[in-house]
Structures are given as C-alpha cells and as structure tokens.
Amino acid sequence: MTRIFIQGGTVVSATGSQLLDVLVDDETIVAVLQPGSTALGDPAAAATVIDATGKYVIPGGVDAHTHMQLPFGGTEASDTFETGTRAAAWGGTTTIVDFAVQKPGERVQDTLALWHGKAAGQCAIDYGFHQIIGDVNAESLAGMAELVSEGVTSFKLFMAYPGVFYSDDGQILRAMQQAGDLGALLMMHAENGIAIDVLVEQALQRGDTAPYFHGTSRPWELEEEATHRAIMLAQVTGAPLYVVHVSAKQALEQIATARGRGQNVFGETCPQYLYLSLEEQLGAPGFEGAKWVCSTPLRAREQGHQDELWRYIRTGDVTSVATDHCPFCLKDQKELGLGDFSKIPNGIGGVEHRMDLMFQGVKDGRISLERWVDVCCTTPARMFGMYPRKGVISPGADADIVVYDPNGHTSIGVGKTHHMNMDYSAYEGFEIDGRVDTVISRGRVIVDNGAYLGRAGHGRFVKRALSQNLI
Ligand code: DUC
Ligand code: ZN
Ligand code: ZN
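Since this is a predicted model, take the numbers as computed values, not measurements. (Residues numbered from 1 in each chain as written. Chains lettered and ligands numbered in written order. Predicted model: local features only at pLDDT ≥ 70, side-chain atom pairs only at ≥ 80, totals over all residues. Heavy atoms only, no water.)

1. Notes on the pattern of salt bridges
Inference 1: Considering all chains together, one arrives at 28 salt bridges under this definition.
Inference 2: The salt bridge partner of D26 is R444, with a shortest N-O separation of 3.4 Å. With D26 in the loop between strand 4 (21-25) and strand 5 (28-33) and R444 in strand 22 (residues 444-448), the pair connects residues that are 418 residues apart, well separated along the chain.
Inference 3: Since its relative accessible area comes to 34%, R444 is described here as partly exposed.
Inference 4: A salt bridge links R389 to D398; the shortest N-O distance between them is 3.2 Å.
Inference 5: For R389, a relative accessible area of 36% gives the class partly exposed.
Inference 6: Judged by relative accessible area, D398 falls into the buried class, the value being 8%.
Inference 7: One continuous salt-bridge network, built from bridges that share partners, spans E27, D126, R389, K390, D398, D400, R442 and R460. (Salt bridge = Lys/Arg side-chain N within 4 Å of Asp/Glu carboxyl O. Helix = DSSP H or I, 4+ residues; strand = E, 2+ residues; numbered from the N terminus. Buried < 20%, exposed > 50% of the residue type's maximum accessible area, 1.4 Å probe, protein only.)

Next up, the structure:
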C-alpha cells in the first residue's frame with residue numbers, strides 16, 4: 001500500500017477553491033482535510049508527503065476526445081496508445097476517451113475488440129472508448145446495445161467525409177432513435193460533407209491547392225447548417241446530442257439556443273479553435289499550413305470566433321474542452337497532401353498541452369479557475385459517465401491528481417515540453433504562465449517535477465456509465 005499526503009495546496013474544484021490537504025491510500029483519495037487536521041491522526045505518517053504550498057491541487061485532466069493510432073487519410077495517427085498517453089500524462093491529463101472506429105462492412109463489436117487490443121497493456125493513464133458508427137445498419141444498431149453494457153456509452157456519427165465515415169440523415173435518425181432508447185449519448189461531427197466535397201473539388205479545379213483552401217472550402221455556414229440539422233434530428237428522436245470540436249461561433253449559437261429550450265444538447269471545443277486561426281496558421285507560407293489542417297477547420301480570426309468561443313465556455317454552452325488529438329508528422333504524413341490540400345491527413349496533436357493552454361485562459365482573464373477545472377476535468381467525467389471516480393477530488397474518487405504551479409512556466413515546442421510523437425508542434429513558441437508539477441494516476445506518481453515515473457500498462461480501461469450530465 002502506498003500513502004500520499006498532499007499538503008498546503010489550494011484544492012480547486014468546479015465549484016470553489018480552498019486550502020485543503022489531500023490523503024491518498026493506494027489507488028483512492030481517502031480524505032480531504034482542513035490544514036492541520038488530526039481527525040485521522042497524523043496524516044503524514046507513513047506517507048510520501050508532497051508539499052503543494054502556493055500551488056493548485058486539481059483533479060487529473062479528462063480529455064474526452066483523442067485518436068491514438070487512428071487509421072485515417074491514407075496513414076495512421078502518429079501517437080500510439082503508449083506514446084500518446086505518456087504525453088497526456090506529462091500534460092496533466094490522467095484519463096482519455098478514445099474512439100474505436102467501425103467502417104462499412106465491419107461489426108462494431110469486432111472494431112471495439114480491435115481497439116481494446118491496441119490499448120491493452122500500453123497506456124500510462126486510464127482510458128475509455130467511444131464507438132464511431134461508420135455503417136448504420138440493423139446489425140450495428142443492435143451492436144450499440146451490447147457496447148453500452150460493456151461501458152461504451154457514447155457513439156459518434158459523421159455528417160462529413162462522404163465515402164469514409166459519413167451517415168445520411170436517415171441513418172442519423174435511426175442511430176439517434178437507438179441512442180435515445182438506450183439512454184446513450186450521440187456525438188456528432190457536424191459539417192455538411194456533401195456540400196464541402198463540391199467546394200473542395202471546385203477549389204482544386206481553380207488551382208487553389210494550398211492548405212489555406214482546406215479552411216475556405218469548409219465555411220462556417222456548413223458547420224452551422226449541420227449543427228442545426230443534428231439538433232433538429234436529435235429533438236425528433238429525444239437522443240442527447242454532444243457536438244464535437246465546434247469551431248464556428250454560429251454553430252455554438254445553435255447549441256445555446258437548443259439548450260435554452262431545455263434540449264439535451266452539449267458543445268465541445270478544442271484549444272486549437274481558441275488560439276489558432278485560418279489567416280495565421282492555415283495561411284502560413286508554402287506548405288507550412290498543412291500542420292494545422294484539421295476538421296472542423298481553424299476559423300478566420302477577423303470573424304471573431306475565438307472571443308465568442310471563450311464566452312460560450314463561460315456561459316456553460318461549451319460543456320467541455322477536449323483536444324481531438326489526432327497527430328500526424330509533417331514528413332511523409334502531412335506531406336501526402338503536397339499539391340492537393342484534400343489529401344493532407346486531417347488532425348492536430350495537442351493532448352499534452354490542453355491543461356496548460358486552458359490555464360492560460362485563466363491567466364488571461366478569459367475563464368475562472370473553477371471553470372478551468374470544470375471544462376477540463378469535472379464535466380467531461382460527468383458527461384461521459386465516469387463521475388465521481390474521475391474529475392473530482394473527493395473521498396472515494398480515484399487518486400488522479402495534478403499539482404499545478406501557477407507561478408511556474410511552460411515553453412511549448414518540439415524539444416521543450418513536447419513528448420508527443422510528432423516532428424512539429426501545433427503550438428510551437430507558446431509560452432504558458434503555469435506548469436504541471438506533479439501528476440498522480442490512481443495513486444501512483446507518474447510525473448514529478450520534470451521526471452517521468454509512469455509506465456505503459458498502468459492505465460486501465462474505464463467501463464463507463466450513461467451520461468451523468470443530462471438536463
Ligand atoms: N477531424 C480531424 O481533424 N481529425 C480526425 C477526425 C476529425 O473529425
Ligand atoms: Zn470529427
Ligand atoms: Zn475527432
């Protein structure tokens with residue numbers, strides 16, 4: 001048995017911050033104590049003591065949207081479950097929820113088994129799965145029920161990528177009906193992929209082949225339209241809807257309107273949409289912009305999406321912030337799209353930087369300390385049925401804890417704090433006014449002041465309940 005006593009820190013939860021000490025026994029938080037309390041005798045006795053004076057003690061981050069080793073765009077995402085979860089740990093994330101992928105002709109049960117096989121024994125931190133349904137038919141709809149009983153309680157559909165993951169409105173309706181009946185959460189990639197494919201073809205015909213035109217051929221109107229359609233379909237079926245990686249302020253307005261009516265609709269955004277833009281990143285000279293090709297795309301800074309996205313985080317209409325971590329190296333992977341932006345594998349890696357980038361939002365006065373913890377830890381845990389094991393510092397919870405130094409500093413970039421398997425950083429040169437000091441995953445210190453102490457295989461599969469965040 002290992003005991004850890006975290007002393008002198010400010011415990012930050014989604015609802016408040018207080019000077020408190022935390023006692024961990026083996027894998028579990030056993031007590032949260034007033035400083036100096038002797039209610040349990042001397043809590044420091046026989047324990048490793050971590051001095052958190054002047055620091056924040058927060059629940060380990062929960063990143064509910066990652067794609068480790070995803071086969072996509074003619075290649076495979078460059079982080080394995082081993083490298084990606086190690087990088088996540090470095091950045092203060094102690095749970096990920098990744099996506100198993102069913103493609104046409106495959107059984108969802110088989111694809112989930114395949115993803116279990118990829119992750120088992122490899123992960124540094126705990127992990128769960130969502131299931132992508134790429135072929136809605138009677139068999140896959142029946143399979144959804146089986147998956148729910150195995151702790152996979154959320155299903156992603158795509159209104160984009162015709163011929164790959166795309167579902168038409170009839171298929172979406174059927175999957176939503178099934179999700180509604182099961183009480184499961186329907187996750188949606190909301191972009192009008194049929195219209196986008198026409199714009200892509202026309203751009204290429206014009207000779208607009210550079211990465212910048214990935215962004216202009218996926219205009220915000222086609223995100224807003226698809227978001228609205230998904231919300232209406234969800235309303236007809238009664239399914240709870242979680243719209244992933246929202247980048248357009250107009251799409252969030254649709255989500256906010258639906259929520260205002262009391263509909264179970266939730267929005268997720270990602271740090272890339274809060275910090276990066278069409279003009280500066282996708283529009284970088286030459287082929288450089290390929291680094292930031294992802295979908296939904298980065299939006300035009302001049303259109304004011306970022307300020308609105310931050311505002312929707314404050315109002316709660318953005319329920320959680322995830323990374324959509326889907327890394328590809330520039331060399332040989334992003335380069336598949338040299339001369340044709342439509343062949344650039346879509347995805348940005350960022351699993352290591354989410355906690356820091358969102359803490360910068362606290363420092364910049366964009367969000368409160370408590371909202372930081374809420375959107376990065378607590379609500380994702382509740383949204384995806386992992387609460388109160390995850391996302392909270394409370395007796396009985398898994399001892400997933402981060403000691404965060406608000407006076408520390410983090411320089412982001414390859415060769416600095418970067419442990420993801422990527423040959424560039426999407427956030428190269430970012431300077432963060434804070435630092436992850438110590439990371440504890442189920443009672444084991446896995447990162448300690450710049451030293452990695454974790455191991456592949458420590459992370460376990462989290463069998464999730466139904467969402468605990470429905471209205
Ligand atoms: N968007 C990405 O950018 N990558 C993976 C899949 C997706 O929807
Ligand atoms: Zn998506
Ligand atoms: Zn994704």
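Text resumes after the structure shown.
2. Looking at unusual backbone geometry
Inference 1: Omega for the peptide link from S295 to T296 comes to 0°, which places this bond in the cis form.
Inference 2: Relative to the helices and strands, T296 resides in the loop between helix 10 (278-282) and helix 11 (305-315).
Inference 3: With omega at 0°, the peptide bond leading from Y387 into P388 counts as cis.
Inference 4: Among the structural elements, P388 can be located in the loop between helix 13 (369-383) and strand 18 (401-405).
Inference 5: You will see that D26, though not glycine, has its phi angle at about 55°, which is positive.
Inference 6: Backbone geometry places Y161, a non-glycine residue, at a positive phi of 60°.
Inference 7: Here Y161 lies in the loop between strand 13 (154-158) and helix 4 (169-182).

3. Focus: the UniProt feature "modified residue: N6-carboxylysine" (unreviewed entry) in the chain
Inference 1: Taking the UniProt record as the reference, the feature "modified residue: N6-carboxylysine" (unreviewed entry) is found at K156.
Inference 2: Judged by relative accessible area, K156 falls into the buried class, the value being 2%.
Inference 3: Not counting residues up to four positions away in its chain, the partners in contact with K156 are H65, F99, Q131, I132, I133, M187, H189, V244 and H245. (UniProt positions renumbered as here; feature names shortened; annotations may be inferred. Contact = heavy atoms within 4.5 Å.)

4. Structural notes on the coordination of the zinc ion (ligand 3)
Inference 1: The coordination sphere of the zinc ion (ligand 3), as far as protein atoms go, consists of H65 (NE2), H67 (NE2) and D324 (OD), spread over 2.0 to 2.2 Å.
Inference 2: Read in sequence order, the donor residues coordinating the zinc ion (ligand 3) give the pattern H-x1-H-x256-D.
Inference 3: A separation of 3.9 Å is found between the zinc ion (ligand 3) and the zinc ion (ligand 2). The burial state of H65 is the same as that of H67; both residues are buried. (Donors = N, O, S within 2.8 Å, 3.2 Å for Na, K, Ca; no water.)

5. Regarding the environment of V236
Inference 1: Structurally, the position occupied by V236 is in helix 7 (residues 220-237).
Inference 2: Given a relative accessible area of 65%, V236 falls into the exposed group.
Inference 3: In this structure, the C-alpha to C-alpha distance between V236 and L173, residues 63 residues apart in sequence, is 8.3 Å.

6. Notes on the packing of helix 2 (residues 108-119) against helix 3 (residues 138-149)
Inference 1: For the pair helix 2 and helix 3, the least separation of the axes is 8 Å and the interaxial angle reads 45°. By the angle between their directions, the pair helix 2 and helix 3 is classed as oblique. Here V108, Q109 and L112 of helix 2 lie close against helix 3, whose contacting residues are S140, G143, M144, E146 and L147.
Inference 2: When its residues are assigned to classes, the contact of helix 2 with helix 3 shows 4 nonpolar, 3 polar and 1 charged. (Axes fitted to C-alpha atoms, helices over the stretch in contact; angles between N-to-C directions. Parallel < 35°, antiparallel > 145°, perpendicular 65-115°, else oblique. Nonpolar A, V, L, I, M, F, W, Y, C, P; charged D, E, K, R; others polar.)

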